[in-house]
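Structural overview
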Amino acid sequence: MQQNNLFNDPILFKKRKGTIEDPFKNIVETVQIVNGKAQLKEIPNRFNKVEILSEDNSWYETNDSTLSLLDKNSFYVDYLNGVVSFDSTHEKESLTFKYTGEGACYFPDSRIYLTDDDEFPNLTGKINDLDRNIRVQGNRIDQQLLSIPQPSEIVDTRIDRNGKVYSVSKSRIDAEQKKIEEAYIDLNNTSYKSLKSRIDAEQKKIEEAYVGQNGIIYSSLKERFLETEENLESLTTNHKKLNADILNRGLNVKNYGAIGDGLSDDTSIIQEILNIAKENPGLEVIFPRGTYRTTSTLIVHPNTRISGIGRPEILRGHSGMIFMLGDPLNPQTGYGDENQQISFDGISTNGNVLEFKSGFSQIGIGHNTSVIFRNCTFRDTVGGHVIDLNSSQKVIFDFCSFLGYRIVDGDEAATQREAIQVAEHTKDGFPEYGDYDGTPTRNLTIENCYFGNSDTVGMSPYPTAIGHHAGVNNIYNEHICIKNNKFVGMTFAGVRVFKYRDVIISHNRFENCNVGVRINNVAPNSYSSKNLDGSQSGNAQAGEDVIIEGNYFINSVQESIRATAYSGQSDLENAKMKGVKILNNTFKNRNNHRNTAASINIIWGDDYLIEGNTFKNVMRGVHFNFLSRSKILNNNFEDMLTEAIFSNEYDEELHNLNYTSDLFISGNIVDKTQKTGIFLQRTNNFIIKNNIIKNTSMEKVNEYNSIFIATECSEGLISENIAPLGQNRFGIEVSSKCRDVQTFNNNATGISGKVRLGLDNLGDSFRLHSVDGNRSYNIRLDDFDRLVKIDSNKNITRIGGTQSYSFASVADSIPISKGVNNKIVFNNLGTNFSNDGSYIVQNDGYLHIDLKVTIKYPHKNFSHVLKIYKNGNSYSELFHHPFSGSSESSESFIYPYSTAKIPVSTNDKIQFYFYSDWSGTGVATQGSLATLQHYVRIFETD
């Protein structure tokens, strides 16, 4: 037997819409349990649930589909097929079910198979065969009747009064009987026992139609109708109340026809419901569990709440955005008078990047007020942002996840792009819609969120989780709070503060990020220094007032906090980031990881407070260039690959202009640094006080100091620090390149000495002032352990004795002739120097030399000697230094006084000569002694 094609006999699903016009049907039916299952007449609505009507009320529904775990009083409902499952103890029982029916599935008989009939495998064939046999038998009987002679008086009972001939008498009788039975049934399909019963029932209905709601019997239907018309307005009001109640309860997208299977296009249905929300402020749009494929951007109107049940997913099935919070046909200005009160709760989005591979952003927001995202997951974006947030205020992200990103090939800017971009509204930044009025974003809270990778092939974490990369002159995004979030693997920065004001970044965890927090200003004469009209302001602008507190930075690739500003040479003061507080954070590396830069790196900052932080197993603790009016207090540094605190000024054109100044470094504990503990260069007006610094110079014994003040530092105080002996060279060393640096009351030592001070410094001393306030002195010990005082002109006088020091300095370069003793005549002659630069000793004692010599070579293969003559005779050659270098090179040498202690007597005459020689083809015939600077110091005894 030829079988029907199953695909020509589809399963039909007749489903109600659940609307007022087409409501679901309340059903109560009794069904017998067969093989542990009861098949309901219709598909039940899962939100209204299935109820078993029982006197003991002991039944309960379970969500566990494992049927073997059902107990005597539990049941499981398959809401897709309308099947209720029970345990084996209820077999053959009949139970009454109450539920809301959505419709039913109708199976064609061609799909119903008979397992015990080989000839007819499905019900279609069997029924057709039975019908054929019935017709064969009927025809056979008719032939037999016709073959028997009939008397003329016998009436042919196959013919009715209308002359219609039936094949057999039984067929006519059946037809007449059917007509009679149909007469017992009314229009409502109600069956009566007899025609009289039906007529009586109809008469009763007519009589009841004359009776009003209050039992009044009217004389006519017209009179009754007038009363009904009077009550129509009340009925309409009740209908409106019912409709409002439905809207208050929310609109379920599946009740309106959305499928949510990930394949069907649900766009038009969802957008229709969102449009209903536009006309009904505060309406909740509900997405049950499922995957809703959309083929165009969904427009979310103001005063709309979007909620998910069971983590539904919105699947992008096109190349654009998933949601747009604002109507492009109704652009707003400022903070959007008509774009307010929008919320998402429990919704997931999927960028579907394996199917649609071009760049896009998921959600666009512009000119909005009061936007909330809670318990949402945003998965997989290419090239753009998850949230493009512009010109909005009162925005909250809470317990959301931002997963997966891929860079568009060739898009260099995408390597820094943000998952949440926080920006002012400009056409270049957000061209989708709106008035491009530059309104900044403010009052933003992002908390309890996660930023990391997804499990989709080819994805990685976002380059930047939160931030911005462009700006407009004189416009600042502000009042931003980022707390209790986790950032994992950001390839550019976890948070990028780009010219923001009033920012709090607290109690977050930054793990394996390239940079944790990155603070940038606007470079002068750049794209971001333009005015809103596109004209160039030329300004360098930075944000201010950022608090970074209580965060945990682990395994940063470079810096954990990088606060770097572009300065140029035009607008230095405005380029500084000001008012940054870095408090109580932890910077740490694990599993043999070492970051490649300082944990905190600052360039061009003012009014910083770095306090209470812990640094462990990092490359360097704090590194700053051009930092002013700042404090580094009460931090713990342990196991530094280089230094704990380090300063420098990278731009030579800005040296010695006091841009690194007014610093207070106190209360810090430093334990184990491979190099120096605290290292300052080119720093003016500083205090280093009450620090504990131990186990420095771990890289090489006797190489580095606990505290080293080097290269052009000035006007500093180093006091009351503790630097015990370890592998360090000195406890404290102040370079001879520094000036006016005072040390006092430090407990510091090292392998080469305790405290070493350059000549042009105040030394280990304390300051006293006269009663009238007109005089002040630094009091200290000289090299002979005598108490001396130093006035503001650096005159040194033994307390209770005569003058004991004299100084001389060379200010100008002097020519050097080859192969002769070149006499050095000092400028700025001090006491006891003759006009030819010779020194006449006044008292028996010692002469100490502390020199820095700078040689300029206009040739190659140069050697030189500094000679000292006493009373016309060569006394000592301080150094002999060969040099081989390129033309026009220079080199400096420092010769410490402690190794040149020359005994002298009264009236001895001391002179200085510089002897030089060189060789080489075509070389010049003379060089120059560029400077012989710092001081020649004469120590005498009384």
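Counting starts from 1 at the beginning of each chain's written sequence and moves along it residue by residue. The model is predicted, so local features are restricted to residues of pLDDT at least 70 and side-chain atom pairs to those at 80 or more, both for listing and for counting; the totals for chains, interfaces and linings are taken over all residues. Only hydrogens and water are removed before side-chain values are computed, so all heavy atoms of the structure are retained for them.

Another point: the overall build of the chain. Runs of E in the DSSP output that reach at least two residues are strands. Runs of H or I that reach at least four are helices, and both are numbered from the N terminus. Along the backbone of the chain there are 7 helices and 72 strands. A total of 942 residues make up the chain; the buried ones form 48% of that total. Relative to all contacts within the chain whose residues are 6 or more apart in sequence, the contacts with residues 24 or more apart total 66%. For the chain, the accessible area works out to roughly 45,600 Å², and carbon and sulfur atoms hold 48% of it. Whether a residue is buried, partly exposed or exposed follows from its accessible area with a 1.4 Å probe, protein chains only, as a fraction of its type maximum: under 20%, in between, or over 50%, in that order. Pairs of residues are marked as contacts when any of their non-hydrogen atoms sit within 4.5 Å. Under the convention used here, a 1.4 Å probe and the Shrake-Rupley method define accessible areas, while residue burial counts only the protein chains that appear.

In this text, buried Ala, Val, Leu, Ile, Met, Phe, Trp, Tyr and Cys residues form a nonpolar core when linked through side-chain atoms within 4.5 Å. Formed by 102 residues in total, the largest nonpolar core has its most connected members in Phe-373, Ile-387, Phe-402 and Phe-451. For this core, the leading source of residues is helix H6 (residues 267-279), giving 5 residues. In this view, Ile-387 contacts Ile-363, Ile-365, Phe-373, Phe-378, Phe-397, Phe-402, Ala-419, Ile-420 and Gln-421; residues no more than four positions away in its chain are not counted.

Before going further, it helps to spend a moment on the state of the cysteines. When the sulfur atoms of two cysteines come within 2.5 Å, that pair is taken as a disulfide. Counted under the stated rule, the structure contains 0 disulfides. Note on Cys-400: no disulfide assigned, nearest cysteine sulfur contributed by Cys-376 at a separation of 4.7 Å. By relative accessible area, Cys-400 is classed as buried at 1%.

In summary, the pairing rule links any two rings of Phe, Tyr or Trp, Trp by its six-membered ring, whose centres are within 6.5 Å, and it sorts them by plane angle into stacked for under 30 degrees, edge-to-face for over 60 and tilted for everything else. Tallied over the full model, the rule gives 24 aromatic pairs. With 4.8 Å between their ring centres and 10 degrees between their planes, Phe-344 and Phe-373 make a pair best called stacked. Here Phe-373 lies in strand S21 (residues 369-374) and Phe-344 lies in strand S18 (residues 340-345), a separation of 29 residues in the sequence. Accessibility expressed as a relative area gives 2% for Phe-344, which makes it buried. With a relative accessible area of 0%, Phe-373 lands in the buried category. A ring pair is formed by Phe-679 and Phe-708, whose centres lie 5.3 Å apart and whose planes are at 90 degrees; its orientation type is edge-to-face. With Phe-679 in strand S49 (residues 678-681) and Phe-708 in strand S52 (residues 707-710), this residue pair connects regions lying 29 residues apart in the sequence. You'll find Phe-679 and Phe-708 in the same group, each marked buried. We note Arg-501 situated over the ring of Tyr-476; from NZ or CZ to the ring centre the distance is 4.1 Å. Positioned over the ring face of Phe-646 is Arg-620, at 4.3 Å from the centre of the ring. The rule is short: NZ of Lys or CZ of Arg within 6 Å of the ring centre and within 35 degrees of the ring normal puts a charge over the ring.

Right, let's talk about the sheet that holds strand S7 (residues 83-85) for a bit. The rule for pairing is simple: two strands pair if DSSP sees at least two bridges between them. Taken together, the 4 strands give an open sheet; going across it, the order is S3-S7-S6-S5, and neighbouring strands pair in mixed fashion. Every interior strand has two partners, whereas the edge strands, strand S3 (37-39) and strand S5 (60-61), have only one. As paired elements, S3 and S7 share 3 bridges and run antiparallel to each other. Following the sheet pairing, Lys-37 is matched in S7 by Ser-85.

So, on to the sheet that holds strand S8 (residues 94-101). Ordered in space as S2-S8-S4, the 3 strands form an open sheet in which the pairing is antiparallel. Only two strands of the sheet have a single partner each, and these edge strands are strand S2 (25-32) and strand S4 (51-53). In this sheet, neighbouring strand axes are inclined to one another by 30 degrees on average, regardless of whether the strands run parallel or antiparallel. Here S2 runs beside S8; their pairing, made up of 8 bridges, is antiparallel. In the strand pairing of S8, Ile-27 is matched with Tyr-99. Helix axes use the C-alpha atoms of the stretch in contact, all axes being lines fitted to C-alpha atoms, and the angles between their N-to-C directions lie in the range 0 to 180 degrees.

As for its placement among the helices and strands, Ser-194 is situated in the loop between helix H2 (169-183) and helix H3 (195-209). Once the C-alpha coordinates of Ser-194 and Ile-180 are considered, the two residues, 14 residues apart in sequence, prove to be 9.1 Å apart.

This paragraph deals with the pairing of strand S43 (residues 614-618). Of the pairings in the sheet, the one linking strand S40 (residues 586-588) to S43 comprises 3 bridges and is parallel in character. Bridge pairing links Thr-586 to Thr-614 in S43. Bridge count between S43 and strand S45 (residues 636-640): 4 bridges; the pairing is parallel. Bridge assignment links Val-618 to a residue of S45, and that residue is Met-640.

To continue, consider the side chain of Ser-307. Looking at the secondary structure, you find Ser-307 in strand S15 (residues 304-308). Taking the relative accessible area as the measure of exposure, Ser-307 reaches 14% and is therefore buried. Each residue touching Ser-307, except ones within four places of it in the same chain, is listed here: Glu-284, Val-285, Ile-286, Phe-287, Asp-345 and Ile-347.

Next up on the list: the pattern of salt bridges. Here the idea is simple: oppositely charged side chains can pair when their charged atoms come close. The salt bridge definition used is simple: a Lys or Arg side-chain nitrogen within 4 Å of an Asp or Glu carboxyl oxygen. A full pass over the atoms with the stated rule returns 22 salt bridges. Of the charged contacts in the structure, one is a salt bridge between Glu-102 and Lys-15, with a shortest N-O distance of 4.0 Å. With Glu-102 in the loop between S8 and strand S9 (103-106) and Lys-15 in strand S1 (residues 12-15), this pair connects stretches of sequence that are 87 residues apart. Its relative accessible area of 42% is what places Lys-15 among the partly exposed residues. The shortest N-O distance in the salt bridge between Glu-715 and Arg-739 comes to 3.7 Å. On the criterion of sequence distance, the pair formed by Glu-715 in strand S53 (residues 714-719) and Arg-739 in strand S56 (residues 739-744) is long-range, its members being 24 residues apart. Through salt bridges that share partners, Glu-638, Asp-671 and Lys-672 make up one connected network.

So, about H6. If you check H6, its first and last C-alpha atoms are 19 Å apart, about what 13 residues at 1.5 Å a residue would give, namely 18 Å. Those residues of H6 that sit buried are Thr-267, Ile-269, Ile-270, Gln-271, Ile-273, Leu-274 and Ala-277. Of the surrounding elements, those touching the buried residues of H6 are strand S10 (251-252), strand S11 (261-265), strand S12 (283-287), strand S13 (291-294), strand S14 (298-300) and S15. Every helix has an expected span of 1.5 Å times one less than the residues it contains.

A word on the side chain of Thr-642. Examined against the element boundaries, Thr-642 turns out to sit in the loop between S45 and strand S46 (645-648). Counted as a polar contact is a pair of N or O atoms within 3.5 Å, where, for protein atoms, one must be capable of donating a hydrogen and the other of accepting one, and residues adjacent in sequence contribute only when both atoms are in side chains. A distance of 2.8 Å separates the side chain of Thr-642 from the backbone oxygen of Met-619, its partner in a polar contact. In this structure the side chain of Thr-642 is engaged in a polar contact, spanning 3.3 Å, whose partner is the side chain of Arg-620.

Sheet topology note: the S45/strand S48 (residues 669-673) ladder contains 4 bridges and is parallel. Paired with Glu-638 across the bridge in S48 is Asp-671.

As a further point, take unusual backbone geometry. In this model, Asp-502 sits at a positive phi of 55 degrees, which is unusual for a non-glycine residue. Tracing the backbone shows Asp-502 in strand S33 (residues 500-506). Non-glycine residue Asp-607 carries a positive phi angle of around 60 degrees. With respect to the element layout, Asp-607 can be found in the loop between strand S41 (598-606) and strand S42 (609-611). Residue classification places Asp-607 among the partly exposed positions, given a relative accessible area of 41%.

Attention now goes to a nonpolar patch on the surface. Surface patches are defined over residues having more than 30% relative accessible area and no salt bridge, joining like charges when they lie within 9 Å and nonpolar side chains (Val, Leu, Ile, Met, Phe, Trp, Tyr) when within 5 Å. Taken together, the side chains of Ile-669, Ile-692 and Ile-722 present a nonpolar region at the surface, about 210 Å² in accessible area. As for its position among the elements, Ile-669 is in strand S48. Classification of Ile-669 by relative accessible area gives partly exposed; the value is 37%.

Okay, the environment of Ala-493 next. Mapping Ala-493 onto the fold places it in strand S32 (residues 493-498). On the basis of relative accessible area, Ala-493 is assigned to the buried category, the value being 0%. Between the C-alpha atoms of Ala-493 and Tyr-462, which are 31 residues apart in sequence, the distance is 8.9 Å.

As a further point, take the confidence of the model for the chain. Confidence scores here are pLDDT values: one per residue, from the predictor, ranging 0 to 100. Taken as a whole, the chain shows an average pLDDT of 81; of its residues, 77% reach a score of 70 or greater. Residue range residues 895-899 is modelled with pLDDT below 50. Its contacts to residues more than four positions away, or to other chains, number 15 contacts. This stretch, residues 920-942, has a pLDDT under 50; its non-local contacts, to residues over four places away or in other chains, come to 108 contacts.

This brings us to the environment of Thr-683. Looking at where Thr-683 falls in the secondary structure, it is placed in the loop between S49 and strand S50 (684-689). The class of Thr-683 is buried, set by a relative accessible area of 1%. As a C-alpha pair, Thr-683 and Ala-710 span 27 residues in sequence and 9.0 Å in three-dimensional space. A distance of 3.1 Å separates a polar atom in the side chain of Thr-683 from a polar atom in the side chain of Ser-647.

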